[in-house]
Structure formats: C-alpha cells, structure tokens
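Letter by letter, the chains look like this.
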Amino acid sequence: MLDFIIKRLIQVVIVVFLALTAVFFLIRLSGDPTTLFLPPDAPREQIEEYRELLGFNRPLYVQYTDFMKGAIQGDFGESLRSGDDALGLVLERMPATFQLAFSALLLSIIIAIPLGVLSAYKRNTLFDKASVGITVIGQAIPSFWFGLILIFIFAAQLKFFPSSGGGSVNHMVLPVITLALYSVSRFVRFTRSAMLDVLNKDYIRTTKAAGTPTSTLIMKYALKNSLIPILTLIALDLGVLLGGAVITEAVFSWPGVGRLLHQSLMNRDFPIVLAGVFIIAIIYAVINFITDILYAYVNPQIRVK
C-alpha cells in the first residue's frame, strides 16, 4: 500500500509540474504584456525600460527557471496590474468558487441519482428514452450558451433572478444550474449504466422472485452495490466543476477564481493566471489522489495493477 501511495504522490507532482509548464509557455505565446500597460505612442526606450523592470527582457528559459523556483516556494510574484501578491488574490476568491462548485455538485447528485435509478428500472420505456435523450442534449449544449439562454429568459424577460454578481442565494441560482447541467447529464447516464449491470445479476432476480418489495430491491440491493463507481465519478467531477467554473463565472460575473482568471488572461496578468492554474491543478490532483487511495483500499486488485 505504501508503494502505491508513493507512486500516486509522484504522479501528483508530475501533473502539477506539467500543468504549470504548459500554461507558462502557452500564455507567453499571447504576446508581450508591456504594451498593455503603456500608451500606444510610448517611445521605444520607455517600452524597453518597462520590459526590463518586469523581467520580460530576459531569455525565456531564464524566466521559466526563476518562475519554477518561486513556484516551489509558493511565490508566484505580484499582479502586473495591482501589484498585490498573485497567490493571495487567487486564494481570496477560492471560497466563492468552492461555493459555486459544491452547490452545483449537490444539485447534480439530488437530480441525477434518482433519475438514473428510475431510468434503469424503467428500461426501454418512454420515460427511459426521454431521460437518455435529455442527458445527451445536456452533454452536447455548451455551458456558456446555456447560461446566456437562462439569463435571457429568467433575468432579462421574467426578471426572476439577477443576471450577474454574487452575495445572495438569488445570485447563485442561474450559475449553479448552468454549471450543474453537464454533471447532471453525466451522472444520470453513469447511474443508469451501473444500475443496469446490477439489476441483471442473478442475486437480484432471486431476491425479486422471493417477493422482496420493489423499493427494498432497488435501495438495499441494487443501488447500494452500484454506489462505489458512482461515488468515484462524483469525487472526480468536483475537479471538473472547479475547472468548468471559469466559463460560468465569466458569464455571470461571479466573484470567484474563474472570473479572476478570465480577467487576468484578457489583461495578460501572467502571475495571477499561473497562481490560479497552480491552485486548480493541486485541487484536481489531490482529489484524484484521495479517490485512488480509497479505491485501492476498497479493491486490493487496484494496488496490484
């Protein structure tokens, strides 16, 4: 078990390292940010002086080496706009992002698991076909487009909810529904598939033939044995929701990390982007790590593989 944990920890470090490296070089391809901080008619000497002040006149490999040395110590530099600590700015926004992601995850579980169970139990009925069709549409619709549609209907036309901002439950409704759309569709399909596998087992047929009530058959024997892969998917999906919150927060101007990253990308505020990617990569990798450990604990075959 210890070897398994060490291997997974090494994988966590590699994932975070590769994520930071890829984002570092990709955002450098977006161009020199110094031109955004100076007037369009700024003289060449002033531009060069500002580039030297920010350190962008150094060779790229030197910038990368210094960045990685700082990242190991938790130092991602200061915001090019405000001059505040980049990592501190990201951490300030994390509670709002967690609030949105966990609410979307909870909504997904409440809707998807009962729907997936019913869909499996009523296999090949009109209800099942409608459920599968809706989940396919839900996975195909881009979240930003769905969010804009919700804003148009429920904010602009009906005026039920505010279209942007944060701070109250009303502000959360539309962003949470938007963010949960893909997860609901995914959970329904996965729950249905897991339940169908269990419902076709011999012991389920035997239990049914013995006259066990349907509710007991579903809840005690079928759903309980389907929960391990479903719980694994739910745990992994939290990382997906945190990543997907970037677009949703930008659409609804939600004051979280996603909106901060979007604004920083537009302003080429590199330190904040890298600090945000670091935090999201760490969270995603740690969630995967904990899930792997729990899975290996429950199923020893995983450790052998």
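As the structure is a computational prediction, the values presented were derived from the model and not from experiment.

Reading the values: the criteria
Residues numbered from 1 in each chain as written. Predicted model: local features only at pLDDT ≥ 70, side-chain atom pairs only at ≥ 80, totals over all residues. Heavy atoms only, no water. Helix = DSSP H or I, 4+ residues; strand = E, 2+ residues; numbered from the N terminus. Buried < 20%, exposed > 50% of the residue type's maximum accessible area, 1.4 Å probe, protein only. Contact = heavy atoms within 4.5 Å. Areas by Shrake-Rupley, 256 points an atom, 1.4 Å probe, with all protein chains shown as cover. Lys, Arg positive; Asp, Glu negative; His and termini not counted. Charge placed at Lys NZ, Arg CZ, Asp CG, Glu CD. Patch = residues over 30% accessible without salt bridge, like charges linked within 9 Å, V, L, I, M, F, W, Y side chains within 5 Å. Salt bridge = Lys/Arg side-chain N within 4 Å of Asp/Glu carboxyl O. Axes fitted to C-alpha atoms, helices over the stretch in contact; angles between N-to-C directions. Parallel < 35°, antiparallel > 145°, perpendicular 65-115°, else oblique. Left-handed = near helix turned anticlockwise from the far one by under 90°. Nonpolar A, V, L, I, M, F, W, Y, C, P; charged D, E, K, R; others polar. Phe/Tyr/Trp six-rings, centres within 6.5 Å; stacked < 30°, edge-to-face > 60°. Expected span 1.5 Å × (residues − 1).

Caption draft 1: Examining the overall build of the protein more closely. Broken down by element type, the protein carries 13 helices and 0 strands. Ordering the α and β elements of the protein from the N terminus gives α-α-α-α-α-α-α-α-α-α-α-α-α. Referenced to the eigenvectors of the C-alpha coordinate spread, the extents of the protein come out at roughly 85 × 60 × 30 Å. Per-residue burial for the protein yields a buried fraction of 40% across its 305 residues. Counting only contacts in the protein whose residues sit at least 6 apart along the sequence, the fraction spanning at least 24 positions is 75%. Total accessible area computed for the protein in this model is approximately 16,700 Å², and 66% of it derives from carbon and sulfur atoms. Counting 25 positive and 20 negative side-chain charges, the protein places the centres of these two groups 19 Å from one another.

Caption draft 2: Just a nonpolar patch on the surface, in detail. Judged by side-chain polarity, F144, W145, L148, I149, F152, I153, L158, F160 and I247 come together as a nonpolar surface patch covering roughly 850 Å² of accessible area. Take the nonpolar patch: its biggest share by element is 6 residues, from helix α7 (residues 143-157). Mapped onto the elements, F160 comes out in the loop between α7 and α8 (169-199). The class for F160 is exposed, based on a relative accessible area of 51%.

Caption draft 3: Structural view of a negative patch on the surface. On the surface, D75, E78, D84, D85 and E92 cluster together into a negatively charged patch. Residue position: D85 is located in the loop between α4 (60-72) and α5 (86-121).

Caption draft 4: Region of interest: the packing of helix α1 (residues 2-28) against α4. It is the contact of α1 with α4, at a shortest axis distance of 11 Å, that shows an interaxial angle of 140 degrees. When the interaxial angle is binned, α1 and α4 end up oblique. Handedness of the crossing formed by α1 with α4: right-handed. Of α4, the residues touching α1 (which contributes F17, L20, T21, F24, F25 and R28) are L60, Q63, Y64, F67, M68 and A71. Considered class by class, the residues forming the contact of α1 with α4 number 9 nonpolar, 2 polar and 1 charged.

Caption draft 5: A look at the environment of V132. With respect to the secondary-structure elements, V132 resides in helix α6 (residues 126-140). Taking the C-alpha atoms as reference points, V132 and K224, separated by 92 residues in sequence, lie 22 Å from one another. Residue contacts for V132: discarding those within four places in its chain leaves R189 and R192.

Caption draft 6: Representation of the packing of aromatic side chains within the structure. Tallied over the full model, the rule gives 7 aromatic pairs. Here the aromatic rings of F24 and F25 are separated by 5.2 Å at their centres, their planes lie at 85 degrees, and the arrangement is edge-to-face. On the accessibility criterion, F24 (0% relative accessible area) is buried. Ring centres of F25 and Y64 lie 5.1 Å apart, and the angle between their planes is 35 degrees; on these two criteria the pair is classed as tilted. In this pair, F25 sits in helix α1 while Y64 sits in helix α4, placing the two residues 39 residues apart along the sequence. Ring pairs connect the aromatic residues F24, F25, Y64, F67, F76 and F278, which therefore count as one cluster.

Caption draft 7: Layout of α1. Between the first and last C-alpha of α1 there are 39 Å, a value that for 27 residues agrees with the 39 Å anticipated at 1.5 Å per step. Along α1, the residues classified as buried are F4, R8, V12, V16, L20, T21, V23, F24, I27 and R28.

Caption draft 8: Quick peek at the side chain of T135. Examined against the element boundaries, T135 turns out to sit in helix α6. When its relative accessible area of 3% is taken as the criterion, T135 is described as buried. Setting aside residues no more than four positions away along its own chain, T135 makes contact with S185, V188 and R189.

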